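Now for the letters of each chain:
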Amino acid sequence: MTRALALTSGGLDSILAAKLIQTQGIDVIGICFVSAFFGSKNAEKMAAQIGLPLKAVDFTVEHLEMTKHPKNGYGKNMNPCIDCHAMMLKYAGRMLEEMEADFLITGEVLDQRPMSQNKKALDIVRKESDFEDKILRPLCAQKLQPTRMELEGLVDRSRLFGISGKSRKAQMELAAQLGIVDYPTPAGGCLLTEPQFANRLRDLYNIDKASVTPEDIRLIKLGRQFRLSPAVKLISTRNSQEYIDLRELIRDDFIILDTAECTGSTGVIVPTKGMTAADGELRLAAEIVARYSKFKDQEQVVVKYRYGNQEGHDFITVKPAREEELAKYLL
Ligand code: SF4
């Protein structure tokens, strides 16, 4: 029996592509990827709607390294979509033999995204994947040269589509025809496409790209973040869940700050590798922590602080930071 592996992102297009091939009587297995920037939840939800068996592949480390130096650059934010697609296809391509599958399917649509899904970009993705003659794009296949799978009769080209452009109308009509009713917005779920996250990642890469680890990426997802200097960043929690998440990531060289006499946000000073907070930076961090406490309108607030590996606390008395001052540092 002919079998295909379908890249399943959790968006509508990839699930439509998989479903179109399923309807040709071909066995389809979904492959979704897990990285520091996206997980498998949306893909699981979408796959369940069409009874698609799904295999999750964790490529966190290699994907993170790729985002530091994407050969084909970034999209609107920090999303290196061309390199990311090529990497996913390369991984899935390497699984063809083991999964006894004949070819790969993607949900790409010609000219849907100006940077990553134009003709040139699709060609680059195909070539850089190392599996160029095994990739089928069912949604826009009729706008592209016939693939080996179509020429050899594994797939009926006349039952594929020729969708192109930014409009989602054709995909929405097709979804309705195929009984797919519940789907997320396009690109939803990838943090690299979100402006605020992209801003934080850019900051991290500007400071010391080479040393960034998956734990650093977990840190930039949390709280309010302030770049105080090239040596230090402050994270200020917004709720108790963020505090719990942050606690798991505390290292010995981090400095934890809390207001001593009232409730408020916890602050964590995150130093750049090999650096420490200067006295002025510690004071500024304490002022910001005081600003997000119950005593934010008082003239003087006592803030306690300790290193991640320290038993007791030290104390510093500060005036809470002013709103306009915060804006200078906010990421
Ligand atoms: S939106 Fe994110 S997951 Fe999708 S191709 Fe671009 S970088 Fe990769």
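Residues numbered from 1 in each chain as written. Predicted model: local features only at pLDDT ≥ 70, side-chain atom pairs only at ≥ 80, totals over all residues.

1. Some details on the domain arrangement of the protein chain
So, point 1. Each assigned domain of the protein chain is listed with its residue range as follows: domain 1 (3-190) and domain 2 (222-329).
So, point 2. Centre-to-centre, using C-alpha coordinates, domain 1 lies 43 Å away from domain 2. (Domains from an automatic or database assignment.)

2. Regarding the site of the ligand
So, point 1. Neighbouring the ligand are 10 residues; Asn79, Cys81, Cys84, Cys190 and Leu192 lie closest to it.
So, point 2. Grouping the constituent residues of the shell around the ligand by class yields seven nonpolar, three polar and no charged. (Near = placed C-beta within 6 Å. Nonpolar A, V, L, I, M, F, W, Y, C, P; charged D, E, K, R; others polar.)

3. A look at the pairing of strand E8 (residues 255-259)
So, point 1. When you tally the buried positions in E8, you get four out of five residues, the bulk of the element.
So, point 2. Pairing analysis gives three bridges linking E8 to strand E9 (residues 267-271), with the strands arranged antiparallel. The residue bridging Ile256 from the neighbouring strand is Val268, located in E9.
So, point 3. Alignment of E8 against strand E10 (residues 301-307), held across five bridges, turns out to be antiparallel. Considered in E10, the bridge of Thr259 is made with Val303. (Buried ≥ 20, exposed ≤ 12 C-beta atoms within 10 Å, placed from the backbone. Helix = DSSP H or I, 4+ residues; strand = E, 2+ residues; numbered from the N terminus. Pairing = 2+ DSSP bridges.)

4. Let's talk about the nonpolar core
So, point 1. Ala4, Ala6, Ile21, Leu104 and Ile105 are the most contacted members of the largest nonpolar core, which has 49 residues in total.
So, point 2. Elements with a contribution of two residues or more to this core: strand E1 (3-7), helix H1 (12-22), strand E2 (27-34), helix H2 (41-49), helix H4 (81-94), strand E4 (103-105), helix H5 (119-128) and strand E5 (135-136).
So, point 3. Of the residues forming this core, the biggest block, eight residues, is contributed by H4.
So, point 4. Every residue in contact with Ala4, bar those within four places of it in the chain, is listed here: Ile21, Ile26, Val28, Ala101, Asp102, Phe103, Leu104 and Ile105.
So, point 5. Residues Phe37, Leu201, Phe226 and Val270 belong to the second largest nonpolar core, which totals 39 residues. (Core = buried A, V, L, I, M, F, W, Y, C linked by C-beta atoms within 7 Å. Contact = placed C-beta atoms within 7 Å.)

5. Details of the packing of H4 against H5
So, point 1. H5 packs onto H4 with a crossing angle of 35° between their chain directions and a minimal axis gap of 8 Å. In terms of crossing hand, the pair formed by H4 and H5 is right-handed. Side by side, H4 and H5 meet where Ile82, His85, Ala86 and Leu89 of the first sit next to Ala121, Ile124, Val125 and Glu128 of the second.
So, point 2. Of the residues assigned to the contact of H4 with H5, the class counts are six nonpolar, one polar and one charged. (Axes fitted to C-alpha atoms, helices over the stretch in contact; angles between N-to-C directions. Left-handed = near helix turned anticlockwise from the far one by under 90°.)

6. Examining the sheet that holds E9
So, point 1. On the basis of which strands lie adjacent, the open sheet formed by six strands has the order E6-E7-E9-E8-E10-E11 and antiparallel pairing. Whereas interior strands pair on both sides, the edge strands pair on one side only; in this sheet they are strand E6 (224-227) and strand E11 (314-318). Sheet twist, expressed as the mean angle between neighbouring strand axes with direction ignored, is 25°.

7. What to know about the packing of H1 against helix H7 (residues 169-178)
So, point 1. Their axes nearest at 11 Å, the elements H1 and H7 cross at an angle of 50°. In terms of orientation, H1 and H7 fall into the oblique class. The chirality of how H1 crosses H7 is left-handed. Residues Leu12, Asp13, Leu16 and Lys19 of H1 lie in contact with H7, whose contacting residues are Gln171, Leu174, Ala175 and Leu178.
So, point 2. Considered class by class, the residues forming the contact of H1 with H7 number five nonpolar, one polar and two charged. (Parallel < 35°, antiparallel > 145°, perpendicular 65-115°, else oblique.)

8. A closer look at the sheet that holds E4
So, point 1. Across the sheet, five strands lie side by side as E3-E2-E1-E4-E5; this open sheet has parallel pairing. In this open sheet, the two strands that pair with only one neighbour each are strand E3 (54-58) and E5.
So, point 2. In the sheet, E4 pairs with E5 via two bridges, with the strands oriented parallel. Within E5, the position partnered with Ile105 by the bridge is Leu136.
So, point 3. The sheet strands contacting H1 are E1, E2 and E4, and the helix crosses E1 at an angle near 170°.

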